[in-house]
There are 2 protein chains.
Amino acid sequence: MTVRVVVPYDAATPKTRLADVLTPTERAAFAEAMLGDVIESVRDAGGTPQILATAPVDTPAPVTVDERPLTPAVNDVLADATEPIAIVMADLALATPDSLRHLFDATADIVLAPGLGGGTNAVLVREPEFRVDYHDASIRDHRAIARDIGATIQELDSFRLATDIDDPVDLPEVLLHADGRATDWLAERFRIDASDGRVTVTRR
Amino acid sequence: MTVRVVVPYDAATPKTRLADVLTPTERAAFAEAMLGDVIESVRDAGGTPQILATAPVDTPAPVTVDERPLTPAVNDVLADATEPIAIVMADLALATPDSLRHLFDATADIVLAPGLGGGTNAVLVREPEFRVDYHDASIRDHRAIARDIGATIQELDSFRLATDIDDPVDLPEVLLHADGRATDWLAERFRIDASDGRVTVTRR
């Protein structure tokens, strides 16, 4: 059975935290490349991707536009759901079909894939009462929400799902560990630079 | 069969990159707490820990002192090895027995656990010709070294092994995802702070 996978996408102002290294046009192109990679990995893992975007976007999956912030937009989807749903972030450039298959195959009521910095990069929801809250350290909130409704919880230990790409320090991870559209796009413009002892990216 | 696990440890100047938030005494105490957690997790996963330290350290595992930098010290251990060896970093405060068991149980000649920022946080070496090179983006070097000697390679997808704790931005991960000595030590002194939109730690 295929899993319905909602991928929220900020089509209006994508990847603002990359403003120091990418122009607005580049940020949009890079974000769309990552979205394309996520869509493909979701399909290869047996999921059915549906994009939940803040504005229209041209991408090879059905798009629903909802201009509201992430949390209420996702919670309306959850409130209307009649089957298990996964919510997977659009900037998981390192996500592979294998890493997503672990999410889809996990059997707990609520399966959480933590993101670096306290985020929740993916969640599989099998318990209709569960709601998301993406503010601040959302992984703590999601554990608490799941406990409060008496749901069983499993957390995935995945570097590939934990690494969302939204800050310049995340860009080396794409070049080091991924190989999709986003990697190609980035590798054309940037290279790994380890000259000052920390690994960063430098424009070619 | 138990796996021999070498844990390199900088006992002379531990965790210098945490100097902005921890005093030298605190850095030593925190580093020793993380080392204690790693030793316990290694044992619980079926490994036999041996500490390779730059200076004497009081810890519940056998200690070999080698003042040289990490790479030559580890490579001398590998050169003398007569059985598979794992090299596991001492600052993996999030490492669990399960995450280490995946390392020990993997069957490739060289099993790599990437660290954030291009590092190699753990490696299982079954091929006697393999040598480490921990400079810069070491994961790329380790892939190349393994390929050059014709070894099979497997990379682990583990958030817990990828997250080494050596920068202030890593500290929230300990409070959010771990529960050992290092977590207790840190939680007594710091709390999670998400007040400015990014998750950090603030002194109590």
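Below is a summary of the structure that appears in this document. Please read these numbers as outputs of a predicted model, since none were measured by experiment.

## With respect to the overall build of chain A
- Regarding its fold elements, chain A presents seven helices and nine strands.
- Its C-alpha radius of gyration of 16 Å places chain A within 12% of the 17 Å reference for a compact globule of 204 residues.
- Projecting the C-alpha coordinates of chain A onto the three principal axes gives extents of approximately 50 × 35 × 30 Å.
- The 204 residues of chain A split such that 55% are buried.
- When the accessible area of chain A is evaluated, it comes to approximately 8,800 Å², of which 48% is carbon and sulfur surface.
- Across chain A, the 19 positively charged side chains and the 35 negatively charged ones have centroids separated by 3 Å.

## Let's talk about the sheet that holds strand S4 (residues 85-88) of chain B
Residue and element names in this part refer to chain B.
- Pairing is mixed in the open sheet, where seven strands are placed in the order S3-S2-S1-S4-S6-S5-S7. With partners counted over all chains shown, the strands left at the sheet margins are strand S3 (63-65) and strand S7 (153-155), one partner each. Neighbour-to-neighbour, the strand axes of the sheet open up by a mean angle of 20°, direction not taken into account.
- Sheet topology note: the strand S1 (residues 3-9)/strand S2 (residues 47-53) ladder contains seven bridges and is parallel. Paired with arginine 4 across the strands is threonine 48, a residue of S2.

## Quick look at the layout of surface pockets
- The volume enclosed by the second largest pocket comes to roughly 400 Å³.
- In terms of lining, the second largest pocket is formed by 16 residues, of which the most central are His102 and Asp157 of chain A together with His102, Asp157 and Ser158 of chain B.
- Elements supplying a minimum of two residues to the lining of the second largest pocket: helix H3 (97-105) and strand S7 (153-155) of chain A together with helix H3 (97-105) of chain B.
- Per-element tally for the lining of the second largest pocket: the top contributor is H3 of chain A, with three residues.
- Residue composition of the lining of the second largest pocket, grouped by class: two nonpolar, nine polar and five charged.

## Comments concerning the pattern of salt bridges
All names here are of chain A.
- Applying the stated rule across the entire model yields 22 salt bridges over all chains.
- Across the pair aspartate 98 and arginine 101 runs a salt bridge, and its minimum N-O distance is 2.6 Å. You can see aspartate 98 and its partner arginine 101 sitting in helix H3, three residues apart, about one turn around the helix.
- Overall, the relative accessible area of 49% leaves aspartate 98 in the partly exposed class.

## Concerning the relation of the copies chain A and chain B
- It takes a turn of 180° to lay chain A on chain B, together with a shift of 0.0 Å along the axis; the resulting RMSD is 0.0 Å. When the rotation and shift are considered jointly, the pair of chain copies conforms to a two-fold rotation axis. When C-alpha distances to the rotation axis are compared across chain A, the minimum falls at phenylalanine 159 of chain A, with a value of 1.9 Å.
- Taken as a fraction of all interface residues of chain A, those also at the interface in chain B reach 96%, which identifies the copy contact as same-surface.

## Section: the pairing of strand S8 (residues 190-193) of chain B
Residues and elements named next belong to chain B.
- Pairing of S8 with strand S9 (residues 200-203) involves four bridges; the strand directions are antiparallel. When the sheet's bridge partners are listed, phenylalanine 190 is paired in S9 with arginine 203.
- Where S8 folds back on S9, the antiparallel hairpin that results is connected by six residues, among which glycine 197 adopts a positive phi of roughly 95°.

## With respect to the side chain of threonine 120 of chain A
Residues and elements named next belong to chain A.
- Checked against the element boundaries, threonine 120 lands in strand S6 (residues 120-125).
- The class of threonine 120 is buried, set by a relative accessible area of 4%.
- A polar atom in the side chain of threonine 120 sits 3.3 Å from the backbone nitrogen of isoleucine 139.
- A polar atom in the side chain of threonine 120 sits 2.8 Å from the side chain of histidine 142.

## Topic: the packing of aromatic side chains
Residues and elements named next belong to chain A.
- Under the criterion given, the structure shown has two aromatic pairs over all chains.
- Measuring from centroid to centroid gives 5.4 Å for phenylalanine 30 and tryptophan 185, while their planes differ by 35°, and the two rings are tilted. Of this pair, phenylalanine 30 sits in helix H1 (residues 24-44) while tryptophan 185 sits in helix H7 (residues 181-189), and the two are 155 residues apart along the sequence.
- Residue phenylalanine 30 is classed as buried on the basis of its relative accessible area, which comes to 0%.

## Examining the pairing of strand S1 (residues 3-9) of chain A
Residues and elements named next belong to chain A.
- Counting buried residues along S1, six of its seven residues qualify, which places the element largely inside the surrounding structure.
- Taken together, S1, H1 and strand S2 (residues 47-53) constitute a β-α-β crossover, and its handedness is right-handed.
- Two strands pair when backbone bridges link them, and S1 and strand S4 (residues 85-88) are joined in this way by three bridges, in the parallel orientation. The residue bridging arginine 4 from the neighbouring strand is isoleucine 85, located in S4.

## Here's the deal with the environment of serine 158 of chain B
- Relative to the assigned elements, serine 158 of chain B resides in the loop between S7 and helix H5 (159-162).
- Classification of serine 158 of chain B as buried rests on a relative accessible area of 6%.
- Sequence-distant contacts of serine 158 of chain B, that is, excluding residues within four places in its chain, are made with Asp157, Ser158 and Phe159 of chain A together with Ser99 of chain B.

## Side note on the sheet that holds strand S5 (residues 110-114) of chain A
Residues and elements named next belong to chain A.
- Pairing in this open sheet of seven strands is mixed, and the strands run S3-S2-S1-S4-S6-S5-S7 from one edge to the other. The strands lining the two open edges of the sheet, one partner per strand, are strand S3 (63-65) and S7. Direction aside, the axes of adjacent strands within the sheet are offset by 20° on average.
- The pairing of S5 with S6 spans five bridges and is antiparallel. Opposite leucine 112, over in S6, you have valine 123 as the bridge partner.

Calculation rules
- Residues numbered from 1 in each chain as written.
- Chains lettered and ligands numbered in written order.
- Predicted model: local features only at pLDDT ≥ 70, side-chain atom pairs only at ≥ 80, totals over all residues.
- Heavy atoms only, no water.
- Helix = DSSP H or I, 4+ residues; strand = E, 2+ residues; numbered from the N terminus.
- Rg over C-alpha atoms; globule rule 2.2 N^0.38 Å.
- Buried < 20%, exposed > 50% of the residue type's maximum accessible area, 1.4 Å probe, protein only.
- Areas by Shrake-Rupley, 256 points an atom, 1.4 Å probe, with all protein chains shown as cover.
- Lys, Arg positive; Asp, Glu negative; His and termini not counted.
- Charge placed at Lys NZ, Arg CZ, Asp CG, Glu CD.
- Pairing = 2+ DSSP bridges.
- Axes fitted to C-alpha atoms, helices over the stretch in contact; angles between N-to-C directions.
- 1 Å grid on protein atoms, 1.4 Å probe; cavity = no way out; pocket = protein on both sides within 12 Å on 5 of 7 lines; lining within 4 Å.
- Points joined across faces, edges and corners; volume = space filled by probe spheres on them.
- Nonpolar A, V, L, I, M, F, W, Y, C, P; charged D, E, K, R; others polar.
- Salt bridge = Lys/Arg side-chain N within 4 Å of Asp/Glu carboxyl O.
- Least-squares fit on C-alpha atoms with pLDDT ≥ 70 in both.
- Contact = heavy atoms within 4.5 Å.
- Polar contact = N/O pair within 3.5 Å; in protein donor to acceptor, adjacent residues only side chain to side chain.
- Phe/Tyr/Trp six-rings, centres within 6.5 Å; stacked < 30°, edge-to-face > 60°.
- Right-handed = clockwise from strand over helix to strand, strands pointing away.

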